[in-house]
Structure formats: structure tokens, C-alpha cells
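Notes for the structure review
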Amino acid sequence: MLIDEVSSYWKNNMQMTAVAIDRLMGYRLISNFAILRWVFSPENVERFHTSDRPWEILGNAISKTFNRIADLRKEITSLKSGIILAEESAVKAQAELETAESKLALLRQALNENEVLFLNLYGNFSSVLKDKLPEPSKAQTLRDLKSNHADEMAVDAEEPSSMEMDDQDGGPKKRLSNGETNGATYNVGENEQWCLSTLGHLKAFSRQCASEIWPHVERLDAEVPTEDVHPLVRKAVYSGLRTSGGY
């Protein structure tokens, strides 16, 4: 009925009739089947040999149908490509997720191993130094440790030692033959030298691993009580970690 109305309105303009019907099909107000029925209606069949209007309208309907199919095929092809890429991305993302989960598990394991390592590291340092260092009352600073051996030697000396304490910093000076001094030096014994070297390595390891040690400080505090650690050991650790806080 709609096609009959349009055809009647534009009965004197075949081009406008074809354009109007084509637009109506494009807007899905009429279907290609309706156009096909209209073209092969008895009225138009009688004019097949006298008018090109039915053939033009039918040709437009068939072309538009094919074009719609071609457009849908292109869209489907594009979507298929997108699906393939999405599936590949999903597979890749899944693989990356599994890799990330594996790495996280390895990281947790490594962090646990680090915690145990640091506990054993400080425990061993504290243990071996405790056996070598003088009593805390006799050595609170490195200067106390350095001068401890010189003091012991001076106890048995009958003549004044060639080592003299500097008036300003308490450091020993060595008397030269011309009566001058050559600067502060300490006559350090082998045990004291061992302690100084070991404390230096403790400080160096603490500084090197400070960023990894800090997450485990609370456990270190709990398992390595401060009161059981020699003051010089604590100072070496503090200096290495660059902090004045707890062990």
C-alpha cells in the first residue's frame, strides 16, 4: 500500500518514485519482498514492455540487498579478526598472568630467604664478636677498643711508652727521634685488629643491604634482643643502616 501511494504521488516523475522507494527500503519501512510483490503485481506486469520504472525499482532493491550482505560480511570479517586478536591477547595475558604469579611466588620465597639470611647474618656476627670484644664496660667506642691494647701494654712498662696521647682527641702519637710527633696512630693488638675488621664488614654489609633489611627490622628486634648485643655491634649496625633507632 505504501509503495502504491508513493508511486501514485510521483506518477509523473519515475526518478523520484525510484528514489523515494529506495529511501524507504533504506529506513526499513518497506522490505525487498514488498517491492518484489509490488513489481510483479498485475498492474505492473502489464507495463513490463512499456515502462522501465518497475525494473529500475526492482534493480535498486536487489542491489541494496546485496550491498547490505556485503557490508555485513565485511563487518563480520573485521569482527573475526578482532576476535582472533582478542583471543591471542587473552592467551598472552593469561601467560603473562601465570608468569607474574610465578614471579610473585618466587619473590615471596626470596623475601623469606632474605629474612632468614639476615637473622643468621646478625646472629653470627653478634656471636663471634661477643667472644672477641672486651667487656662492654671497657669498650663503648672504637677508640676504647683501639686504646685497650695500648693500656694493657702500658701497665707493665717501667719506662714511659713511646706512644703519647694527643691532648685534643686522646689519640696516641708516636715520638720521633727529633722530638716531633708523626700524627695519631694506635698500637693495636691482633685481637683488636680482628674486631675492628669484623665490625667494619658488619657495617658495610648493613649499608649494602639496608633497603632489604628494613622490612625485617621488627623480627630482628624480636629475635636478637638489644640487651644481648655488644654496644660496638649495635653501633656498627646503626651506622650501616644510617639510623639511630632500634636494632
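Residues numbered from 1 in each chain as written. Predicted model: local features only at pLDDT ≥ 70, side-chain atom pairs only at ≥ 80, totals over all residues. Heavy atoms only, no water.

Quick notes on helix H2 (residues 14–26)
An α-helical turn contains 3.6 residues, so a residue and the one three or four places further along point in the same direction. Rule in force here: Secondary structure elements are taken from DSSP: a helix is a run of H or I of four residues or more, a strand is a run of E of two residues or more, and numbering for both begins at the N terminus. Helix span is expected to be 1.5 Å times the residue number reduced by one. Only protein chains enter the accessibility calculation, which uses a 1.4 Å probe; a residue is then buried when its area is under 20% of its type maximum, exposed when over 50%, and partly exposed in between. Working definition: the arc comes from the directions between the helix axis and the C-beta atoms, pointing outward to the latter. Two residues qualify as a contact provided that any one of their heavy atoms is within 4.5 Å of a heavy atom in the partner residue. Any pair of N or O atoms that falls within 3.5 Å is considered a polar contact. Within protein, one atom must be able to donate a hydrogen and the other to accept it, and sequence-neighbouring residues count only if both atoms are side-chain atoms.
The terminal C-alpha atoms of H2, which comprises 13 residues, lie 18 Å apart, in line with the 18 Å expected from a rise of 1.5 Å per residue. All of the buried residues along H2 are Thr17, Ala18, Ala20, Ile21, Leu24 and Met25. Taken around the axis of H2, the buried residues stretch over an arc of 165°, which confines them to a single face. For H2, the exposed residues lying more than 90 degrees away from the buried face are Gln15 and Arg23. On the buried face of H2, the contacting elements are helix H1 (2–9), helix H3 (32–39) and helix H5 (53–132). One side-chain oxygen at the N-terminal end of H2 lies 3.3 Å from the backbone nitrogen of Gln15; it belongs to Asn13.

Here's the deal with the packing of H3 against H5
Put simply, the rule reads: Note on definitions: angles span 0 to 180 degrees between N-to-C directions of axes, and those axes are lines fitted to C-alpha atoms, for helices only across the stretch in contact. Should an angle fall under 35 degrees it is taken as roughly parallel, and over 145 as roughly antiparallel, whereas 65 to 115 is taken as roughly perpendicular and any remaining angle as oblique. Crossing handedness follows the turn of the near helix against the far one: under a right angle anticlockwise gives a left-handed crossing, and clockwise gives a right-handed one. Only Asp, Glu, Lys and Arg are considered charged, only Ala, Val, Leu, Ile, Met, Phe, Trp, Tyr, Cys and Pro nonpolar, and every remaining residue, Gly among them, polar.
The contact between H3 and H5 brings their axes to 10 Å, and the two run at 160°. One element, H3, and the other, H5, form an angle in the roughly antiparallel class. Remark: the crossing between H3 and H5 carries left-handed chirality. Of the residues in H5, those in contact with Asn32, Ile35, Leu36, Trp38 and Val39 of H3 are Pro54, Ile57, Leu58, Ala61 and Thr65. Partitioning the contact of H3 with H5 into residue classes produces eight nonpolar, two polar and no charged.

So, the environment of Phe125
When you line up the elements, Phe125 lands in helix H5. In contact with Phe125, other than residues within four places in its own chain, are Thr198, His201, Leu202 and Phe205.

Some details on the packing of aromatic side chains
What counts is decided by this rule: In summary, the pairing rule links any two rings of Phe, Tyr or Trp, Trp by its six-membered ring, whose centres are within 6.5 Å, and it sorts them by plane angle into stacked for under 30 degrees, edge-to-face for over 60 and tilted for everything else. For a lysine, the NZ atom is tested; for an arginine, the CZ atom; a charge sits over a ring if that atom is within 6 Å of the ring centre and within 35 degrees of the ring normal.
Applying the stated criterion across every chain, the model contains four aromatic pairs. Taking the centre distance of 5.0 Å and the plane angle of 85° together, the rings of Tyr9 and Trp10 count as edge-to-face. The class for Tyr9 is exposed, based on a relative accessible area of 64%. Taken together, a centroid distance of 5.7 Å and an interplanar angle of 90° make the contact between Phe40 and Phe48 edge-to-face. Among the residues examined, Phe40 registers a relative accessible area of 45% and is labelled partly exposed. Aromatic ring contacts, followed pair by pair, group Phe40, Phe48 and Trp55 into a single cluster. Lying over the aromatic face of Trp194, Lys132 brings its terminal NZ or CZ to 5.2 Å of the ring centre.

Overview of the confidence of the model for the protein
Operational definition: A score between 0 and 100, pLDDT records how confident the predictor is in each residue.
Residues with a pLDDT of 70 or more make up 79% of the protein, whose mean pLDDT is 79. The secondary structure element of the protein with the lowest average pLDDT is strand S1 (residues 163–165), at 36, and the one with the highest is H3, at 92. Note that residues 153–186 has pLDDT below 50 and, in this model, 41 contacts with residues that lie over four places away or in other chains.

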